Amino acid sequence: ILAHFFTKNEKINLIKSAGVLIGFSGIVFLFSDSILINKGNFTSAILILCGSTFYVIGGLLTLKKFSNKRNENFTASILIWGSLLLFPICFFVEQPWNLSPRLDSTISLLYLGFFSTGLAWLLRFYILKRNGLVFQSQVAYLIPIFGVILGFIFLKEAITSKVIISLIAVIIGI
């Protein structure tokens, strides 16, 4: 919705609107039995909404202000600034001087930070610059599809008719 108002070439039309609504409806249907907002989790629900909003605003700013920058430079900048901002919070909250992490967990943390997160941000900016914000937001609908598939393969989770209906709606929405 924000892309419609703040970009020149990302206008929402009937097909895009239908795709977003059908895909989102599939996600809501998939998690409908566990979507309960009450006093205990209201703050969490607001923070999730804020996170999603800032994710879109970040995409808009990328398109408007940084579209002429290289993906590698922009990704490195985001990761460095994010680390610098979170580092003091980590010291305050986690008190790392009291921890004694194993080598394998430290290597896993470094791998997730540099490769998985770095690669995901590179792909995000590539898709964003090449295909636009609306398409990039629709790509996010692939996450639950792969979550269900990987959950079935590795965790032996059941695939029910509700899951199949939800995933069909997500695929149609994409």
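Right above here is the structure, for reference.
> Hey, could you go over helix H7 (residues 142-155) for me, with residue numbers and the actual values?
Every α-helical turn comprises 3.6 residues, leaving residues that sit three or four positions apart pointing alike. For H7, spanning 14 residues, the distance from its first C-alpha to its last is 19 Å, which sits close to the expected 20 Å at 1.5 Å a residue. Those residues of H7 that sit buried are Pro144, Ile145, Val148 and Gly151. Down the axis of H7, the smallest arc covering the buried residues is 135°, so these residues share one side. Seen from the open side of H7, the exposed residues pointing more than 90 degrees away from its buried face are Ile143 and Phe154. Close packing links the buried residues of H7 with helix H2 (14-30) and helix H8 (161-173). Directly beyond the C-terminal end of H7, a positive phi value near 55° is found at Lys156.

> An account of a positive patch on the surface is requested, with residue identities and associated values reported.
There is a patch of like positive charges on the surface, built from Lys8, Lys11, Lys64 and Lys65. As for its position among the elements, Lys11 is in the loop between helix H1 (2-6) and H2.

> Break down the pattern of salt bridges for me, with residues and values.
For side chains bearing opposite charge, pairing can occur when the charged atoms are close. Overall, the coordinates contain one salt bridge when judged by the stated rule. Measuring nitrogen to oxygen at the nearest pair gives 2.9 Å for the salt bridge that ties Asp104 to Arg102. For Arg102, a relative accessible area of 58% corresponds to the exposed category.

> Which residues make up the nonpolar core, and what are the values?
Ile27, Leu30, Tyr141, Ile145, Val148, Val163, Leu167 and Val170 together form the largest nonpolar core, which totals eight residues. A per-element tally of this core places H8 first, with three residues. The contacts of Leu30, once residues within four sequence positions are left out, are Pro144, Lys162, Val163 and Ser166. Residues Ala3, Phe125, Leu128 and Leu133 belong to the second largest nonpolar core, which totals seven residues.

> Describe H8, with residues and values.
Between its terminal C-alpha atoms H8 stretches 18 Å, which fits the 18 Å expected from 13 residues at 1.5 Å a residue. Within the span of H8, buried status applies to Val163, Ser166, Leu167, Ala169, Val170 and Gly173. End-on, the buried residues of H8 take up no more than an arc of 155°, which puts them together on one face. Looking at H8, the residues exposed on the side facing more than 90 degrees away from the buried face are Ser161, Ile165, Ile171 and Ile172. The inward-facing, buried residues of H8 abut H2, helix H6 (133-139) and H7.

> Give me the lowdown on the packing of aromatic side chains, citing residues and values where you can.
This model, assessed by the stated rule, comprises four aromatic pairs. The structure contains a cluster of three or more aromatic residues connected by ring pairs, namely Phe87, Phe91 and Trp97. Directly above the ring of Phe29 sits Lys162, whose terminal nitrogen or CZ lies 5.5 Å from the centroid.

> Report on the environment of Ser67, specifying residues and quantitative values.
Of note, Ser67 is situated in the loop between helix H3 (42-65) and helix H4 (71-94). In this structure the C-alpha to C-alpha distance between Ser67 and Arg130, which are 63 residues apart in sequence, comes to 10.0 Å. Setting aside residues up to four positions removed in sequence, Ser67 forms contacts with Thr62 and Lys129.

> Can you lay out the side chain of Ser166 for me, pointing to particular residues and giving the numbers?
The topology assignment puts Ser166 in helix H8. When its relative accessible area of 1% is taken as the criterion, Ser166 is described as buried. Among residues more than four places away in sequence, those in contact with Ser166 are Gly26, Phe29 and Leu30.

About the criteria used
Residues numbered from 1 in each chain as written. Predicted model: local features only at pLDDT ≥ 70, side-chain atom pairs only at ≥ 80, totals over all residues. Heavy atoms only, no water. Helix = DSSP H or I, 4+ residues; strand = E, 2+ residues; numbered from the N terminus. Expected span 1.5 Å × (residues − 1). Buried < 20%, exposed > 50% of the residue type's maximum accessible area, 1.4 Å probe, protein only. Arc of directions from axis to C-beta. Contact = heavy atoms within 4.5 Å. Patch = residues over 30% accessible without salt bridge, like charges linked within 9 Å, V, L, I, M, F, W, Y side chains within 5 Å. Areas by Shrake-Rupley, 256 points an atom, 1.4 Å probe, with all protein chains shown as cover. Salt bridge = Lys/Arg side-chain N within 4 Å of Asp/Glu carboxyl O. Lys, Arg positive; Asp, Glu negative; His and termini not counted. Charge placed at Lys NZ, Arg CZ, Asp CG, Glu CD. Core = buried A, V, L, I, M, F, W, Y, C linked by side-chain atoms within 4.5 Å. Phe/Tyr/Trp six-rings, centres within 6.5 Å; stacked < 30°, edge-to-face > 60°. Lys NZ or Arg CZ within 6 Å of the ring centre and 35° of its normal.

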